[in-house]
Amino acid sequence: MKRYAFGVAVALGHAQALGTLVFAVVIAISSRHTQGWTMRGPSQPVSVSLVIEYLIFAVSIEAAAYGLHTRKSWARTPFLVVQLFAIVAVGVTLVQSGNVTYVLAGAGVIGISTLAGVSAALGTSR
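Please read these numbers as outputs of a predicted model, since none were measured by experiment.

1. A few points about the environment of V10
Phase 1: Counting through the fold element by element, V10 comes out in helix α1 (residues 2-30).
Phase 2: Taking the C-alpha atoms as reference, V10 lies 7.8 Å from A116; in sequence the two are 106 residues apart.
Phase 3: With near-sequence residues (within four places) excluded, V10 lies in contact with A65, L68 and H69.

Structural data, given as structure tokens:
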């Protein structure tokens, strides 16, 4: 059971990193073709900072997942913190949006992050 849970946590961590990377690319591509920022001024600095932010987040998720995969002692806590951050900052925010598509996406983020966190806790327990 521990081995299965550990494998699920690692696989979900890698998938989250890849999904975050894809999201950064989507932001980079879509920001060239849209006016759609809700703040005054040019959208270019905002989109560049968002792309950089999501790239850093993707690298951080991958580092935690890789550390967990290689059974590094430092990796469990950052992996669990990433899952908690994804649940609270991303999932709950999307669920509270009121937009049906975003609510479903937020529920998915909450479910995947909860499963990854619980699997990591079970798979790395002593």
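2. Some details on the side chain of T20
Phase 1: Along the chain, the position of T20 falls in helix α1.
Phase 2: Given a relative accessible area of 11%, T20 falls into the buried group.
Phase 3: Apart from residues lying up to four places away in sequence, T20 is in contact with Y54, F57, A58 and I61.

3. Section: helix α4 (residues 100-123)
Helical geometry: 3.6 residues make up each α-helical turn, so side chains three or four residues apart lie on a common side.
Phase 1: Relative to the 34 Å expected for 24 residues at 1.5 Å per residue, α4 spans 34 Å between its end C-alpha atoms, a close match to the ideal helical length.
Phase 2: Regarding α4, the residues found buried are G106, S113, A116, G117, S119, A120 and G123.
Phase 3: Between the side-chain oxygen of the N-cap and the backbone nitrogen of T101 there are 2.9 Å, and the N-cap of α4 in question is N99.

4. As for the environment of A15
Phase 1: In this structure, A15 sits in helix α1.
Phase 2: Given the relative accessible area of 45%, A15 is considered partly exposed.
Phase 3: Along the chain, A15 and I112 lie 97 residues apart, while their C-alpha atoms are 9.8 Å from each other.

5. Concerning the confidence of the model for the protein chain
Regions with low pLDDT carry predicted coordinates that are not meant to be interpreted in detail.
Phase 1: Scored by pLDDT, the protein chain comes out at a mean of 87, with 87% of its residues at no less than 70.
Phase 2: Per-element confidence in the protein chain ranges from a low mean pLDDT of 88 for helix α2 (residues 44-69) to a high of 94 for α4.

6. Points about α1
Phase 1: The end-to-end C-alpha separation of α1 is 42 Å, in line with the 42 Å expected for 29 residues at 1.5 Å each.
Phase 2: Of the residues making up α1, those classed as buried are A5, F6, V8, A9, V10, L12, G13, Q16, A17, T20, A24 and I27.

7. Digging into the packing of aromatic side chains
Phase 1: By the definition in use, this model includes two aromatic pairs.
Phase 2: Their ring planes at 85 degrees and their centres at 5.0 Å tell us that F23 and Y54 sit as a pair that is edge-to-face. Highlighted residues: F23 in helix α1 and Y54 in helix α2, separated in sequence by 31 residues.
Phase 3: On the basis of relative accessible area, Y54 is assigned to the partly exposed category, the value being 23%.
Phase 4: When the centroid spacing of 5.3 Å and the interplanar angle of 75 degrees are considered together, the rings of F57 and F85 count as edge-to-face. Taken as a pair, F57 in helix α2 and F85 in helix α3 (residues 76-95) lie far apart in primary sequence, 28 residues in all.

Rules and cut-offs
- Residues numbered from 1 in each chain as written.
- Predicted model: local features only at pLDDT ≥ 70, side-chain atom pairs only at ≥ 80, totals over all residues.
- Heavy atoms only, no water.
- Helix = DSSP H or I, 4+ residues; strand = E, 2+ residues; numbered from the N terminus.
- Contact = heavy atoms within 4.5 Å.
- Buried < 20%, exposed > 50% of the residue type's maximum accessible area, 1.4 Å probe, protein only.
- Expected span 1.5 Å × (residues − 1).
- Polar contact = N/O pair within 3.5 Å; in protein donor to acceptor, adjacent residues only side chain to side chain.
- pLDDT = per-residue confidence, 0-100.
- Phe/Tyr/Trp six-rings, centres within 6.5 Å; stacked < 30°, edge-to-face > 60°.

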